[in-house]
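# Observations on the model geometry
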Amino acid sequence: MAHFTAVGNNPGLQSELYCWLVIGTDTLMTVSDIASVNERFGIDGTVHFGEGINSMPKAELTFNEARLELYLQGAHITRYQPAAGIEVLWMSDSALYQPGKALRGGIPLCWPWFGAHADTPDLPQHGYARTSQFQISSTNADHQATSITLTLDAAQAPWPDWQNRVALEFEIRLSNTLWMEMRSHNLSTSPLILSNALHSYFAISQRQQVTIPAVTGLTYLDKLQNYRSQQQTSAITFDSEVDRVYQAPPARIDFFDQGRNINTSFESWGNNNLVIWNPGEQKARQMNDFDDDGFEQMICIEPANALAHSITLAPGEHHRLGQEIKVNRN
Ligand code: BG6
């Protein structure tokens, strides 16, 4: 079972979180001045800030052979190479690199809700984190990892009734694995319903070449059948569109790509669900930021808290959702 972490009135953890909020606010930076960002947060040879496509600010991290690219909009990881030539994440060649538009591929953060908002369906799907500019809170490099922590301040919510309700910190550690954790904090005086996901797009050789044994036997809600509850009685296949919210997934998921002879494993924590998504041909073609044949070379596997498993955070409570990805070439 994946473990679920919602910390209540634990004074130690709350003061730790208060610290990052204060540090985060104290170090708020605009990213217009890349040189000064580099001066403050760049680390020779391991952390560098620069301009990405369409001049959007990005960070590049290295650790030994491993490389990671991250756009500050959305704290969005767009590339992870554990070693030269191995692309772990899928990015659409048609992705729209525009302020306020979510990038298609990589690891978007769905937050503070996943999918359609339960009460206000007019709000954008998957929340506002993925289209918001994050601030850099800290960077670090030592012999164990290269890391970066980013924050989305509670005041930055795009609508007045969301402002100052909930803050997010996102930490990434690049080492022999890729480790990341979202930390959400209810700053308001009323309970907050939070749903979220690490919407990870994995690059694969071909969708029929992938097996994910850990989901066999699990129950899932099928979004393509009006959320009907189903049992995964045999191995999952990707012959057509797949959009499933698995219940009570194991903490460790491995998937094997026969075409590339790569085994990817990840551990997740703080999630009640695992979403598996491939849009199939028709839906892929309907999306203007999705390469027409891209659905053949990607699958999304997303540790999530969704639907009935949204989390209710009491005032002051916080929640951690994370994953650690490890790739082995056989
Ligand atoms: C998945 C959902 O997580 O994200 C799908 O389960 C959805 O239903 C997909 O289509 C992509 O969402 P978006 O908003 O990035 O197009």
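Note: the structure precedes this text.
Residues numbered from 1 in each chain as written. Predicted model: local features only at pLDDT ≥ 70, side-chain atom pairs only at ≥ 80, totals over all residues. Heavy atoms only, no water.

## Comments concerning the overall build of the chain
- Regarding its fold elements, the chain presents 3 helices and 23 strands.
- The dimensions of the chain, computed from C-alpha atoms along their principal axes, are 50 × 45 × 35 Å.
- Here the chain holds 330 residues, and 57% of them are scored as buried.
- Residue pairs at least 24 apart in sequence account for 64% of intrachain contacts in the chain once pairs closer than 6 positions are excluded.
- Counting only carbon and sulfur atoms, one obtains 47% of the accessible surface of the chain, whose full area is about 13,800 Å².
- Between the centroid of the 21 positive side chains of the chain and the centroid of its 35 negative side chains there is a distance of 4 Å. (Helix = DSSP H or I, 4+ residues; strand = E, 2+ residues; numbered from the N terminus. Buried < 20%, exposed > 50% of the residue type's maximum accessible area, 1.4 Å probe, protein only. Contact = heavy atoms within 4.5 Å. Areas by Shrake-Rupley, 256 points an atom, 1.4 Å probe, with all protein chains shown as cover. Lys, Arg positive; Asp, Glu negative; His and termini not counted. Charge placed at Lys NZ, Arg CZ, Asp CG, Glu CD.)

## What about the site of the ligand?
- Taken together, the residues surrounding the ligand are Arg104, Phe114, Gln125, His126, Arg130, His199, Lys223, Asp243, Val275, Trp277 and Glu302.
- A distance of 3.0 Å separates an oxygen atom of the ligand from a polar atom in the side chain of Arg104.
- Within the side chain of Asp243, a nitrogen or oxygen atom sits 2.5 Å from an oxygen atom of the ligand.
- The fraction of the free accessible surface of the ligand (390 Å²) that becomes covered by protein chains is 85%. (Near = heavy atom within 4 Å. Polar contact = N/O pair within 3.5 Å; in protein donor to acceptor, adjacent residues only side chain to side chain.)

## Observations concerning helix H2 (residues 34-41)
- Here H2 has its buried residues at Ile34, Val37, Asn38 and Phe41. Across the axial projection of H2, the buried residues extend over an arc of 100°, all falling on one side. Residues of H2 that are exposed and angled more than 90 degrees away from the buried face: Ala35 and Glu39.
- Turning to H2, the residues buried within the fold contact strand E2 (47-51), strand E3 (57-63) and strand E7 (135-141). (Arc of directions from axis to C-beta.)

## A closer look at the environment of Lys283
- Looking at where Lys283 falls in the secondary structure, it is placed in helix H3 (residues 280-286).
- Taking the C-alpha atoms as reference points, Lys283 and Thr237, 46 residues apart in sequence, are found 17 Å from one another.
- Once residues within four sequence positions are removed from consideration, Lys283 is found in contact with Leu224 and Glu241.

## Notes on the pattern of salt bridges
- Considering all chains together, one arrives at 16 salt bridges under this definition.
- Between Arg285 and Glu281 there is a salt bridge; the shortest N-O distance is 3.1 Å. Of the two residues, Arg285 and Glu281 are both situated in helix H3; the distance of 4 residues between them amounts to about one turn of the helix.
- Connected through salt bridges with shared partners, the residues Glu169, Glu171, Arg173, Glu181, Arg183 and Arg320 form a single ionic network. (Salt bridge = Lys/Arg side-chain N within 4 Å of Asp/Glu carboxyl O.)

## Side note on the nonpolar core
- Counting 67 residues, the largest nonpolar core has Ile172, Ile212 and Ile325 as the members making the most contacts within it.
- Among the elements that line this core, the one with the most residues is strand E9 (residues 166-174), at 5 residues.
- Tyr201, Ala203, Phe295 and Cys300 belong to the second-largest nonpolar core, a separate cluster that totals 10 residues. (Core = buried A, V, L, I, M, F, W, Y, C linked by side-chain atoms within 4.5 Å.)

## Comments concerning the sheet that holds strand E5 (residues 76-81)
- Ordered in space as E2-E3-E4-E5, the 4 strands form an open sheet in which the pairing is antiparallel. With partners counted over all chains shown, the strands left at the sheet margins are E2 and E5, one partner each. Strand-to-strand, the axes of this sheet are offset by a mean angle of 20°, without reference to chain direction.
- In the sheet, E2 pairs with E3 via 5 bridges, with the strands oriented antiparallel. Bridge pairing in E3 links Gly50 to Lys58. (Pairing = 2+ DSSP bridges. Axes fitted to C-alpha atoms, helices over the stretch in contact; angles between N-to-C directions.)

## With respect to the packing of aromatic side chains
- Overall, the coordinates contain 15 aromatic pairs when judged by the stated rule.
- For the pair Tyr201 and Trp277, a centre-to-centre distance of 6.1 Å together with 85° between the ring planes defines the contact as edge-to-face. Here Trp277 lies in strand E20 (residues 273-278) and Tyr201 lies in strand E13 (residues 200-203), a separation of 76 residues in the sequence.
- Connected via pairs of aromatic rings, a cluster forms that spans Trp111, Trp113, Tyr128, Trp159 and Trp162.
- One Lys or Arg, Arg165, reaches over the ring of Trp162 and ends 4.2 Å from the middle of that ring.
- Of note, Arg173 hangs over the ring of Trp179, and the distance from its end group to the ring centre comes to 3.8 Å. (Phe/Tyr/Trp six-rings, centres within 6.5 Å; stacked < 30°, edge-to-face > 60°. Lys NZ or Arg CZ within 6 Å of the ring centre and 35° of its normal.)

As far as function goes, none of this settles anything; it's purely spatial.
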